[in-house]
Amino acid sequence: SIFTTLAIVCNQCLPMHHDSLSCPQCFDVMTTFGNYGVARMKMPNLGIESVYPAGSMVTGLGQIMRHGLDMADSD
């Protein structure tokens, strides 16, 4: 399989972290579903902080790229 891990996070913030189970040579796909208020994806080692609306997809090297998610209201 081309997939090595699967993680599902439902209606919560994620502290800054690295995905330790990800393959360091592979891209991770992070996506959002559902209805929620304002969410912000943060990738400080890349200098990125962006609005992250439902239906968005972000790819990156999760084991290398530090990332986190702040959410306001969610259903």
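Up top you'll find the structure we're talking about.
Only a predicted model underlies this, so the values are computations on that prediction, with no experimental measurement involved. (Residues numbered from 1 in each chain as written. Predicted model: local features only at pLDDT ≥ 70, side-chain atom pairs only at ≥ 80, totals over all residues. Heavy atoms only, no water.)

(A) Quick look at the nonpolar core. Formed by Met30, Tyr36, Ala39, Met41, Met43, Tyr52, Val58, Met65, Leu69 and Met71, the largest nonpolar core amounts to 10 residues. When contributions to this core are tallied by element, the ones reaching two or more residues are β3 (39-43) and β6 (67-71). Ignoring anything within four residues of it in the chain, the contact list for Val58 reads Asp28, Val29, Met30, Met43 and Tyr52. (Core = buried A, V, L, I, M, F, W, Y, C linked by side-chain atoms within 4.5 Å. Buried < 20%, exposed > 50% of the residue type's maximum accessible area, 1.4 Å probe, protein only. Helix = DSSP H or I, 4+ residues; strand = E, 2+ residues; numbered from the N terminus. Contact = heavy atoms within 4.5 Å.)

(B) Fine view of the pattern of salt bridges. Within the structure shown, the criterion is met by 2 salt bridges. Here Glu49 and Arg40 are joined by a salt bridge, their closest N and O atoms 3.0 Å apart. The exposure class of Glu49 is partly exposed, given its relative accessible area of 46%. A salt bridge links Asp70 to Lys42; the nearest nitrogen and oxygen atoms lie 2.6 Å apart. Of the two residues, Asp70 is situated in strand β6 and Lys42 in strand β3; the sequence distance between them amounts to 28 residues. Taking relative accessible area as the criterion, Asp70 reaches 33% and is therefore assigned partly exposed. (Salt bridge = Lys/Arg side-chain N within 4 Å of Asp/Glu carboxyl O.)

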